[in-house]
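# Descriptive structure summary
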There are 2 protein chains.
Amino acid sequence: MAGAVTVRDVARLASVSASTVSRALSASELVAPHTRDRILAAARQLGYSANTSARSLITGRTSNFGLVVPDLENPYFASVTKGVQSRALSEGFAVFVADSDEDVRTEIELARKLASQVDGLILCSPRMGNRDLAAVTESTTVVLVNRQLPQVHSITVDDTEIVRQALGHLYALGHRTVAYAGGPATSWSDGQRRNGIRSALSDLPGLKVAEIGSFRPVFGGGMSAADLAVATGATAVLAYNDLMALGILSRLQARGINVPADMSVVGIDDVSAATLVSPALTTVRAPLQKVGTAAVDALIDSIFPDRPPLPPETLPVELIVRASTSVPSRPPLTSREEAGLDERSSNAHQ
Amino acid sequence: MAGAVTVRDVARLASVSASTVSRALSASELVAPHTRDRILAAARQLGYSANTSARSLITGRTSNFGLVVPDLENPYFASVTKGVQSRALSEGFAVFVADSDEDVRTEIELARKLASQVDGLILCSPRMGNRDLAAVTESTTVVLVNRQLPQVHSITVDDTEIVRQALGHLYALGHRTVAYAGGPATSWSDGQRRNGIRSALSDLPGLKVAEIGSFRPVFGGGMSAADLAVATGATAVLAYNDLMALGILSRLQARGINVPADMSVVGIDDVSAATLVSPALTTVRAPLQKVGTAAVDALIDSIFPDRPPLPPETLPVELIVRASTSVPSRPPLTSREEAGLDERSSNAHQ
DNA sequence: TTGTAGGCGTTATCAT
DNA sequence: ATGATAACGCCTACAA
């Protein structure tokens, strides 16, 4: 049994009333220093700690946050979670963490369930529709990560810039046909990146980007994407994230396709595994933990409206060049450029 | 604002009393089917959901669990967390997750803070002393992961068997001097593994194990350990976990030491990154998510004493042979066997 | 089967 | 500066 000791016990021991005990523990300057000390001593002696249920019942606040992520085993979300964690704890909040397993139904259910017992909710890369998202927004304060919605505070990385840097790098090396292995179709970030591709194309004359489809944002998804990328005749492939890029690397090696000589590979995020493989993965680094801490800051600012609200935040990114990219030293492995793949003529406007 | 709608609102709409509403939502068979339907309809219409603070104030239960892990970015703990998550949610519990950042003080503080607002606490690889641990155990129901303490339910992997399989594998390949790169000195598992080494030695005549010290259980710790391992003259190294093994692999390659020709490397856990590197890492697989689900099951069983309590559980492990181990085809890189390193003569009893 | 009444532990309001 | 009292929303005897 945890807190069998209540304010009344402390009050009795300190020979004061329950209200005074309560004050001494919160607005401590409203109580005489002498009695305050006596109360604190009594509380410590009895091992008193306030019952959070009773407190939040009357205050209407829980000092808890909720965090919903698609997959804790994805190192991207693990890092964001860690960032959320550390900042929330240092600000006095505990964090419910929920893993939706990339499933929209689960995600909605978790968000709803948590909303009722937190002061605010961080939804990380939510896949649910705008309608469901709006419903959650009605029920509690929400901060979105990797997604934007009018009127809702959000933390995003600069997806346009990610694509610009990745494609710019490959273009500078001499690549002119690049495959894009996309993430989940319901991912807002993926949409942003596809937009980013279109806008980057106008700065990179002669570049062709073949969008080869949507894949699960994990290692296995990358393995599926690899063969399609090869079939487009591309000399390089940009993946939705590092995990997919690692899967692509693995599949290419299994097929005896040399990276980077035959095919360059670029990932996104710079998760720690990116440096473990050989060749090491060229990637665009996103500030993972910082995404989490920024989300907590935004949440706290939304909850306490006295401070001026922060503007939506878009965090900077950084290209990290490693060994998985080089000049396209050999001709494309295939020239099936007319194949029935989803090769949108992305350079139509040139 | 979330739950502005209370039982009384639902009661009014359904033309019944508040208590009937309460009953309809919990012990639904105590209320007439007809009124029950009316109440449920009213509740749904108003979007009612019970205030968890008020409920737990009176019931004394929160339907929340707490989980404390040393490092969420460590894929081992990420997987355990995911397992805890999924099982807890399917049993109707939400989970507070806290990351101690491998720090004992933080860990103690987190455990104490969470203990007051949960029905049970899962402490994963806790580093705190037995005394502090016992204190936490007093304040709430606890299940330990990767540690044992009398009277406290615990889930562990079979550390003795891990070591036996790893050393047995290396021994069979012909290795006779193996370095052990240990984990944190305060880690219970590390202690178990060192015990396991001693017991394994009696089955493996002629084997020598050099314990080269305690390292941080992450990539960087492995890099530090690598040079010490080489200096012992060992032809193989067993690491406390996969992350360290990957760091060792990386450092050996940087030094131009070939794995497995010059040095075999074995990890523990089989985290997903183990297959990404080349050579792929030989490791002893632990059932990561299952550790988490088993911990939740144990917690639930401890909380509801009506069911027969489960015995402490030790989960099985499995050797996974990959490319990072082979026969010791070349002589040791060094023969400084008398060097001042922490080379306990582990085979003293032979 | 349903309603009434009381209390869980805390904080807020009001009075002293 | 401190104390008495009420109220937060719910559950659970007990009464009807």
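Residues numbered from 1 in each chain as written. Chains lettered and ligands numbered in written order. Predicted model: local features only at pLDDT ≥ 70, side-chain atom pairs only at ≥ 80, totals over all residues. Heavy atoms only, no water.

### What to know about the packing of aromatic side chains
Per the stated rule, a full pass over the model turns up five aromatic pairs over all chains. Ring plane angle 20° and centroid distance 3.9 Å describe the contact between A:Phe96 and B:Phe96, whose orientation is recorded as stacked. Taken together, the residues span two chains, with A:Phe96 in strand S2 (residues 94-99) and B:Phe96 in strand S2 (residues 94-99). Accessibility classification places A:Phe96 together with B:Phe96 in one group, the buried group. Between the aromatic rings of B:Tyr76 and B:Phe77, the centroid separation amounts to 5.1 Å while the plane-to-plane angle is 85°, which identifies the pairing as edge-to-face. In this structure, B:Tyr76 and B:Phe77 share a single accessibility class: buried. Its end group placed over the ring of A:Tyr171, A:Arg176 keeps NZ or CZ at 3.7 Å from the ring centre. (Phe/Tyr/Trp six-rings, centres within 6.5 Å; stacked < 30°, edge-to-face > 60°. Helix = DSSP H or I, 4+ residues; strand = E, 2+ residues; numbered from the N terminus. Buried < 20%, exposed > 50% of the residue type's maximum accessible area, 1.4 Å probe, protein only. Lys NZ or Arg CZ within 6 Å of the ring centre and 35° of its normal.)

### What about the packing of helix H5 (residues 75-90) of chain A against helix H12 (residues 288-303) of chain A?
Residue and element names in this part refer to chain A. The interhelical angle for the contact between H5 and H12, taken along N-to-C directions, is 40°, at an axis separation of 7 Å. As far as their axial angle goes, H12 and H5 are oblique. As for how H5 packs across H12, the hand of that crossing is right-handed. Within the contact between the two elements, H5 uses Tyr76, Ser79, Val80, Lys82, Gly83, Val84, Ser86, Arg87 and Ala88 and H12 uses Leu288, Gln289, Val291, Gly292, Thr293, Val296 and Asp297. In terms of residue class, the contact of H5 with H12 is made up of seven nonpolar, six polar and three charged. (Axes fitted to C-alpha atoms, helices over the stretch in contact; angles between N-to-C directions. Parallel < 35°, antiparallel > 145°, perpendicular 65-115°, else oblique. Left-handed = near helix turned anticlockwise from the far one by under 90°. Contact = heavy atoms within 4.5 Å. Nonpolar A, V, L, I, M, F, W, Y, C, P; charged D, E, K, R; others polar.)

### Observations concerning the protein's contact with DNA strand D
The environment of DNA strand D is formed by 23 residues, the closest being A:Thr20, A:Arg23, A:Ala32, B:Val7 and B:Tyr48. Backbone atoms, meaning sugar plus phosphate, form 60% of the atoms of DNA strand D positioned within 4 Å of the protein. A:Thr35 places a side-chain nitrogen or oxygen 3.1 Å from a phosphate oxygen of DNA strand D. With respect to DNA strand D, the side chain of B:Ser22 contributes an N or O atom lying 2.9 Å from a phosphate oxygen. For the surface near DNA strand D, the secondary-structure elements that each account for two or more residues are helix H2 (18-25) and helix H4 (52-59) of chain A together with helix H2 (18-25) and helix H4 (52-59) of chain B. When residues of the surface near DNA strand D are assigned to their parent elements, the largest contribution, four residues, is made by H4(B). Split by residue class, the surface near DNA strand D holds 12 nonpolar, eight polar and three charged. (Near = heavy atom within 4 Å. Polar contact = N/O pair within 3.5 Å; in protein donor to acceptor, adjacent residues only side chain to side chain.)

### Observations concerning the UniProt feature "domain: HTH lacI-type" (unreviewed entry) in chain A
UniProt records the feature "domain: HTH lacI-type" (unreviewed entry) at residues 5-59 of chain A, using the numbering of this structure. Helix makes up 69% of residues 5-59 of chain A and strand makes up 0%, while its end C-alpha atoms are separated by 20 Å. (UniProt positions renumbered as here; feature names shortened; annotations may be inferred.)

### Details of the domain arrangement of chain A
What the domain assignment reports for chain A is domain 1 (7-59), domain 2 (64-151 + 289-313) and domain 3 (159-285 + 319-348). Averaged C-alpha coordinates put domain 1 of chain A and domain 2 of chain A at centres separated by 33 Å. (Domains from an automatic or database assignment.)

### Focus on the sheet that holds strand S6 (residues 177-182) of chain B
Sheet strands pair via backbone hydrogen bonds, and the direction of the pair is either parallel or antiparallel. All names here are of chain B. Reading across the sheet, the six strands line up as S7-S6-S8-S9-S10-S12 and stay open at both edges, with mixed pairing between neighbours. The sheet is open, and its two edges are formed by strand S7 (208-214) and strand S12 (318-320), each paired on a single side. Taking each pair of neighbouring strands and ignoring which way they run, the sheet shows an average axis angle of 20°. In terms of strand pairing, strand S10 (residues 282-285) meets S12 through three bridges, oriented antiparallel. Looking at the pairing, Val284 lines up with Leu319 of S12. Docked against the sheet, helix H9 (residues 188-201) engages S6, S7 and strand S9 (264-269), running at close to 165° with respect to S7. This element, helix H11 (residues 242-254), spans S6, strand S8 (236-239), S9 and S10 of the sheet and lies at about 155° to S9. (Pairing = 2+ DSSP bridges.)

### Digging into the protein's contact with DNA strand C
Near DNA strand C, the surroundings consist of 24 residues, among which A:Val7, A:Tyr48, B:Ser19, B:Thr20 and B:Ala32 are the closest. Each atom of DNA strand C within 4 Å of the protein belongs either to a base or to sugar and phosphate, the latter forming 60%. B:Thr35 places a polar side-chain atom, nitrogen or oxygen, 3.0 Å from a phosphate oxygen of DNA strand C. Put simply, the parts of the chain that give the surface near DNA strand C at least two residues each are H2 and H4 of chain A together with H2 and H4 of chain B. The element contributing the most residues to the surface near DNA strand C is H4(A), with five residues. Tallied by class, the residues present in the surface near DNA strand C amount to 12 nonpolar, nine polar and three charged.

### Observations concerning the pairing of strand S3 (residues 120-124) of chain B
Every other side chain in a regular strand lies on the same face of the sheet, so the side chains alternate between the two faces. Residues and elements named next belong to chain B. Among the five residues in S3, five count as buried, and that is most of the element. Here S3 shows no split at all, with Gly120, Ile122 and Cys124 on one side and Leu121 and Leu123 on the other all buried. Across four bridges, the pairing between strand S1 (residues 64-69) and S3 is parallel. Paired with Val68 across the two strands is Leu123, which belongs to S3.

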